[in-house]
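# Structural description and commentary
In case you want the letters, here they are:
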2 protein chains.
Amino acid sequence: MSMIETPYLLFLGDAPDQLAAKVAQGIKDWRPDNAVGQFRLPGCGADLGLTDMDLAAAKAAGAKTLVIGVANRGGVISQEWKKVLVTALEEGFDLASGLHNLLRDEPDLVAVAKATGRALHDVRVPAVEYPIANGKTRKGKRCLAVGTDCSVGKMYTALAMDIEMRKRGMKSTFRATGQTGILITGDGVPLDAVIADFMAGSVEWLTPDNDEDHWDLIEGQGSLFHVSYSGVTMALIHGGQPDALILCHEPTRPHMRGLPDYDLPSLEDLRDLALQLAKVANPGVQVVGISVNTQHLSEDEAVAYLQEVEDRMGLPTVDPFRHGAGRLVEALEAV
Amino acid sequence: MSMIETPYLLFLGDAPDQLAAKVAQGIKDWRPDNAVGQFRLPGCGADLGLTDMDLAAAKAAGAKTLVIGVANRGGVISQEWKKVLVTALEEGFDLASGLHNLLRDEPDLVAVAKATGRALHDVRVPAVEYPIANGKTRKGKRCLAVGTDCSVGKMYTALAMDIEMRKRGMKSTFRATGQTGILITGDGVPLDAVIADFMAGSVEWLTPDNDEDHWDLIEGQGSLFHVSYSGVTMALIHGGQPDALILCHEPTRPHMRGLPDYDLPSLEDLRDLALQLAKVANPGVQVVGISVNTQHLSEDEAVAYLQEVEDRMGLPTVDPFRHGAGRLVEALEAV
């Protein structure tokens, strides 16, 4: 069973534009079966193209959880939102949110949830007491996306590979390690909020023994070269015990995200360092492919860049958004 | 001002033996000025050689905080302890503890502390909202001890260097990152209990801008090669922005601590990896020396081993417990 009961009604609230509803968009894109409809307040500027439903209609359609799929303004949960959230609890929905301000910090929501026996899921907060990592070899296979920087497409890459593998009848599970991924799938570890000593253990917990031909596709976080978050990435590499690494890159970054004085590493640097570190936990690990986010390049530029990298690195190099994740999946099959 | 007011009265309770009082022993060894006396219950099997004092005598001697310098049995704070702790609060002492079970979780202690206006310091729990690391270059110099494994003498090395530097009139500050170090100095960051996203930021916070000729001696944690805790070590390397690294090693370990299937890395492996990672945050970083914990070797074996490593690695190699930290300090001076 997932941590969060599916399917969802996606709450878009009074989202000013489509971008503000990107969590809901992610759910709709990657797990359309998880979304029975959308709930919009007057003035909502976002539209996922799903059926607009009120709570009763969504309930009738089988929705179990109202997911807040939108960023809120000014970091407060407004009274307009509150009315919907309270009514949803009363009508038998659980609530799930990745907002910084927590559902559990709102006394009225807590009171109604208690009275109605419904759950409040704040996916930014770990819900589990994770163990210390034990480093024991696990059955099944694991693939981890590692990036030259933060926010270069690691989640997208793993989700795209997961979808492609399922299409091909391969056994795979996307393992979410961030808020958006957890809301998309209903389960995961909010790794950036885990206590330091338990980071690697939480990744072991997330990716347990499995069938020998099953792949966990672990959502990456941060970068080994990003000084703010490199410890989180390290815990993924050692806790995840990956058999395969995918290198992720965005070629137009002028510097590391949020760090104007830090240059991006080369893909060669990332390959060598990630491989060396991953071998500590899994001596057989291989770098199998490269995923490039080419959104800031034209189609011609993108194709030329991908070819140049592929020739240089000797690894299948794709933008899974433009050209699909098929070649990355084939690289995994060859492991 | 320190987080914990000094000097201390060291509470040894009913410690069954000297080892159970090792936190108190550390305070007495490294910051004798912080300890005005010891408080022992009947049957106490530990003795630090300090004056036995009751609360009134310690108060008269200037003690501000009663520090629980002993492990408790069975993870509970006994009624015998409670009586002393409550009376200490009533007589104007703060309390400080590194126990797993927290002072703040004891309702009677909380009530008395509130009524008397005294502080309960649980040093396992962060008391500060740390920032996200910004990676900006800081003034002053920083030295970090990194280990081939956990518990190989990193704290000891940094404390011994700090003492030696002060003796020589150099500017230095030991920066504690664990419970024992925090109790010894009265201040620090309990890094293993910090939320993942803020680890590196907490280390930046701990080691701010300083005089150009001042050294922060940062207490190391974990090991880059220890899969359970490597993320914590990574955050120290990138948040600490060290100018100098000291390699720490214990040569008789059969395997990584707590991980029977994992071999220790060589000192060469540690040198190369730590240096490469540290250069991301500080391109000028150098490995300046090696600290070996030779407690399981005879004097002859120790001297021979240190010489062998020194010849092989080309770096000053000492056991600071046996032979002092002077050569490591001289290596720092040369940076």
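Quick look at the structure, then. Just so it is clear, the model here is predicted, and its values are computed rather than measured.

### Quick look at the overall build of chain A
Helix and strand content of chain A: 12 helices and 11 strands. Principal-axis analysis of the C-alpha atoms gives chain A an extent of 55 × 45 × 45 Å. Counting the 335 residues in chain A, one finds 59% classified as buried. Once local pairs closer than 6 in sequence are excluded, the contacts in chain A between residues at least 24 apart make up 76%. Just so you have it, chain A exposes about 13100 Å², and 51% of that area is on carbon and sulfur atoms.

### Re the interface of chain A and chain B
The interface is formed by 32 residues belonging to chain A together with 32 residues belonging to chain B. Both faces considered, chain A and chain B share a buried interface measuring about 2700 Å² in area, 61% of it formed by carbon and sulfur atoms. Among the residues of chain A in contact with chain B, Asp 197, Val 227 and Tyr 262 of chain A are the three that bury the most area, contributing 18% of the side total. Summed over the shared surface of chain A and chain B, the result is 0 salt bridges. Counting the contacts that link chain A with chain B gives 10 residue pairs in polar contact (both at pLDDT 80 or more). Looking at the side of chain A that touches chain B, the elements that each hand over two or more residues are helix H7 (199–206), helix H8 (230–240) and helix H9 (267–281) of chain A.

### Comments concerning the packing of aromatic side chains
Residues and elements named next belong to chain B. Applying the stated criterion across every chain yields a total of 10 aromatic pairs over all chains. Taken together, a centroid distance of 5.9 Å and an interplanar angle of 35° make the contact between Phe 11 and Phe 39 tilted. Placement of Phe 11 in strand S1 (residues 8–13) and of Phe 39 in strand S2 (residues 35–40) is noted, with a sequence separation of 28 residues between them. A relative accessible area of 0% means that Phe 11 is categorised as buried. Phe 39 gets classed as buried once you look at its relative accessible area, which sits at 13%. Each ring, one from Tyr 130 and one from Trp 205, has its centre 5.3 Å from the other, and the planes form 70°; the classification is edge-to-face. Taken together, the residues span a long stretch of sequence, with Tyr 130 in the loop between strand S5 (120–122) and strand S6 (141–147) and Trp 205 in helix H7 (residues 199–206) at a distance of 75 residues. For Tyr 130, a relative accessible area of 9% translates into the label buried.

### Notes on the pattern of salt bridges
All names here are of chain B. For the structure shown, the criterion picks out 41 salt bridges over all chains. Of the charged contacts, one joins Arg 312 and Glu 268 as a salt bridge, the two residues approaching to 2.8 Å between their closest N and O atoms. Remark: Glu 268 occurs in helix H9 (residues 267–281) and Arg 312 occurs in helix H10 (residues 299–313); sequence separation between them is 44 residues. The class for Arg 312 is partly exposed, based on a relative accessible area of 40%. Using a relative accessible area of 22% as the deciding quantity, one classes Glu 268 as partly exposed.

### Some remarks on the relation of the copies chain A and chain B
Once chain A has been moved 0.0 Å along the axis and rotated by 180°, it coincides with chain B to within an RMSD of 0.0 Å. Taken together, the rotation angle and the small translation identify this as a two-fold axis. Most of the interface of chain A is mirrored in chain B, where 100% of its interface residues again form contacts.

Reading the values: rules and limits
- Residues numbered from 1 in each chain as written.
- Chains lettered and ligands numbered in written order.
- Predicted model: local features only at pLDDT ≥ 70, side-chain atom pairs only at ≥ 80, totals over all residues.
- Heavy atoms only, no water.
- Helix = DSSP H or I, 4+ residues; strand = E, 2+ residues; numbered from the N terminus.
- Buried < 20%, exposed > 50% of the residue type's maximum accessible area, 1.4 Å probe, protein only.
- Contact = heavy atoms within 4.5 Å.
- Areas by Shrake-Rupley, 256 points an atom, 1.4 Å probe, with all protein chains shown as cover.
- Buried area = accessible area lost by both parts, 1.4 Å probe.
- Salt bridge = Lys/Arg side-chain N within 4 Å of Asp/Glu carboxyl O.
- Polar contact = N/O pair within 3.5 Å; in protein donor to acceptor, adjacent residues only side chain to side chain.
- Phe/Tyr/Trp six-rings, centres within 6.5 Å; stacked < 30°, edge-to-face > 60°.
- Least-squares fit on C-alpha atoms with pLDDT ≥ 70 in both.

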